[in-house]
Every structure is written in C-alpha cells, then in structure tokens.
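Coordinates in review
Now for the letters of each chain:
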Amino acid sequence: MTSGLWELVLQGVWVTVQLLFFSSLLATAVSFVVGVGRTHRLWIVRFLAGFYTEVFRGTSALVMIFWVFFVLPPAFGWQLVPMWAGTLALGLTYGAYGSEIVRGALAAVDPAQKEGGIALSFTPWQRMRLILLPQAVPEMIPPFSNLLIELLKGTALVSIMGMGDLAFSGNLVRLALQESAEIYTYILLIYFVIAFLLTRVMRGLEKKLKAGVGKAAPERKAAATEPAGIGGVR
C-alpha cells in the first residue's frame, strides 16, 4: 500500500480508539448505576434497573445505532454527529451487559460482610462504598475485560453511518486497491493487537486491585543460598 492509504488506515485506528474510549466510559458508568440499582432495597428501583437491562440486552446493537442516528434526530430536532451517536448506542447497549457483571459480583460478596456493616451502623451507601465495592470490583475485572473486547469488535458497526473508523477505512482501501485478502488480513491483525494490549492492561489492573484487598498470591521468597553451619547456625 502507498503511504497515503496507510495514513487513511491509521486515521481509522485513531477514530476506533476514540470511540472505544468514550463508549467504554459510558458503559462503565451505566454498568455501575444500573448494577447497583438491581440490588437496591426499593422494588421500583430494582424494577426500573431490570427493565433497562432486559430492553438493551434484548435489542440489536446495530439497530440501536440506526435508531440513535436516524430516529432520534427528527423526534428531538437535533442531529448527533456519528462519534457521539456511536458512543451513545454502544455505551448504553454494552452497559446493560456490564450491569449484570456488577450485580453478580455484589451478590457474591460474603453476607457476613454486609451484616458486619449493619452491626457497625453503616448507612447503605457506606456499606456499598466501604465494604461491598472494594471486594466486588476485583472480581468484576475478568468479565469486564471480555466485555471490553466485545465492545472493541462492536465499534466496527458504526461504519454503517459512514464514520471513518478502522473497518470503514479498511473498506475504502480495499476498494481503491481491489484487494480483499491482504487488506482484511491487516485489519484483523490491527484489531487483534488492540485487543491484546487491552487484555494486558486489564490483567495488570486486576492484579493491582486484588493485591489491595489481600487476594493476590503472596510473592515467594527466594531460598537462601548460604550453607548452614554447625547446628543450623549460618
């Protein structure tokens, strides 16, 4: 490929990274708000959070992008640019999946921990902030890592709006060169590299968080190499 076509691909990579960053931020916020809502003591909060989860898990991300980009503008009289339309659609959709991760991790915390917070007269917010979340968040990292990879692959859907992401840019290069096998192989490898880097970052974050709550495996001490003297005295 020429330098100009490579520049087009790199621009697509940058757009994909931006979209991934913004949509993952929104999805994380939605995951925690809705996930915590699923455990709320008020039934109406649990119902609304559960309703949201079922609606967005039961609809297609592709159709949601169409809906946000083509249906919302006439209804409200404004037009979202493709970047924010994609961020909104992907963030809300994948946030619904993430909310189940949050709910499950909170439910997995030992009930004795919750009872201890009640015994200490903690408010529900204090129990959530000081007891439940510090123990639950490290357990959320592996499934959140998988969800982040799925979100990365889902960013290719925004190409239907004509947004210049990696998939869209790769298709333009394919049309210019009339070469499918080489171009799509490059695109697959680029997605793989981004996913691999994300996995490394999430694993590092998991180790750090687990070490903070004492769940990391203790580091083995190096065996002493000096020979013992008489009676075991060195």
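So, here is what we can say about the structure in this document.

Reading guide: rules and limits
Residues numbered from 1 in each chain as written. Predicted model: local features only at pLDDT ≥ 70, side-chain atom pairs only at ≥ 80, totals over all residues. Heavy atoms only, no water. Phe/Tyr/Trp six-rings, centres within 6.5 Å; stacked < 30°, edge-to-face > 60°. Helix = DSSP H or I, 4+ residues; strand = E, 2+ residues; numbered from the N terminus. Salt bridge = Lys/Arg side-chain N within 4 Å of Asp/Glu carboxyl O. Buried < 20%, exposed > 50% of the residue type's maximum accessible area, 1.4 Å probe, protein only. Expected span 1.5 Å × (residues − 1). Bend = angle between axes of the 7 residues up to and from the residue. Contact = heavy atoms within 4.5 Å.

1. Digging into the packing of aromatic side chains
Going through the model one piece at a time under the given rule, you end up with 11 aromatic pairs. Judged by centre distance (6.3 Å) and plane angle (20°), the rings of phenylalanine 47 and phenylalanine 51 are stacked. Of this pair, phenylalanine 47 and phenylalanine 51 both sit in helix α2 (residues 43–57), separated by four residues, roughly a single helical turn. Site record: aromatic cluster; members linked through ring pairs are Phe21, Phe22 and Trp84.

2. Some thoughts on the pattern of salt bridges
Overall, the coordinates contain five salt bridges when judged by the stated rule. Here arginine 38 and glutamate 100 are joined by a salt bridge, their closest N and O atoms 2.6 Å apart. Residue arginine 38 is found in the loop between α1 (3–37) and α2, and its partner glutamate 100 is found in helix α4 (residues 82–107); the two are separated by 62 residues along the sequence. Judged by relative accessible area, which is 19%, glutamate 100 ranks as buried. For glutamate 150, the salt bridge is made with lysine 153, and the minimal N-O distance between the two is 3.1 Å. Remark: lysine 153 and glutamate 150 occur in helix α6 (residues 124–154); sequence separation between them is three residues, near one turn of the helix.

3. A look at α4
Taking 1.5 Å per residue as the helical rise, α4 with its 26 residues ought to reach 38 Å, and the 37 Å between its terminal C-alpha atoms agrees with that figure. The largest bend in α4 amounts to roughly 30° and is located at alanine 96.

4. What to know about the environment of phenylalanine 69
In this fold, phenylalanine 69 is placed in helix α3 (residues 61–76). Through-space distance from the C-alpha of phenylalanine 69 to that of alanine 85 is 5.8 Å; in sequence the pair is 16 residues apart. The contact partners of phenylalanine 69, leaving out residues within four places of it in the chain, are Gln79, Leu80, Val81, Pro82, Ala85 and Met161.

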